[in-house]
Amino acid sequence: MAKAIELNLAQRALRRKARGRVQQTTASNHVYKLIELTGTSTISVEDAVHTAIARAGATVKNLRWFQITETRGDIADNKVAHWQVTLKVGFTVEG
């Protein structure tokens, strides 16, 4: 009898834990859309990234992450004139 009660309590605990896991997982699942942007700056690579994200953020909601895919620049008079940084930017799709 004691073993049956222990087993029943253990099964209840597992069910409660599983329900909690399902609720947590469901709440944190997202769908992302990717866009590709190229930001430019005369100052730095970092400033080019900030420029691209700030401009996109003015019209696209829920920006979440970015990945730099390419860095290049423009040279004038043997100096870097412009930094050009291409990014993939992910945002959550509302639904």
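Remember, predicted model here, so these are calculated numbers, not experimental data.

Undergrad: Report on the sheet that holds strand 3 (residues 79-92), specifying residues and quantitative values.
TA: Reading across from one edge, 1-3-2 is the order of the three strands in this open sheet, with antiparallel pairing throughout. The open sheet has two edge strands, strand 1 (32-41) and strand 2 (63-76), and neither has a second partner. This sheet shows a mean twist of 15° between the axes of neighbouring strands, independent of strand direction. Bridge count for strand 2 against strand 3 is twelve bridges, and the pairing is antiparallel. Residue pairing in the sheet places I68 in a bridge with L87 of strand 3.

Undergrad: Could you give an account of the environment of A48, with specific residues and numbers?
TA: Along the chain, A48 falls in helix 2 (residues 45-57). On the accessibility criterion, A48 (0% relative accessible area) is buried. Counting along the chain gives 23 residues from A48 to T71, while the straight-line C-alpha distance between them is 9.8 Å. Residues within four places of A48 in sequence aside, it is in contact with G39, T40, S41, W83 and V85.

About the cut-offs
- Residues numbered from 1 in each chain as written.
- Predicted model: local features only at pLDDT ≥ 70, side-chain atom pairs only at ≥ 80, totals over all residues.
- Heavy atoms only, no water.
- Pairing = 2+ DSSP bridges.
- Helix = DSSP H or I, 4+ residues; strand = E, 2+ residues; numbered from the N terminus.
- Axes fitted to C-alpha atoms, helices over the stretch in contact; angles between N-to-C directions.
- Buried < 20%, exposed > 50% of the residue type's maximum accessible area, 1.4 Å probe, protein only.
- Contact = heavy atoms within 4.5 Å.

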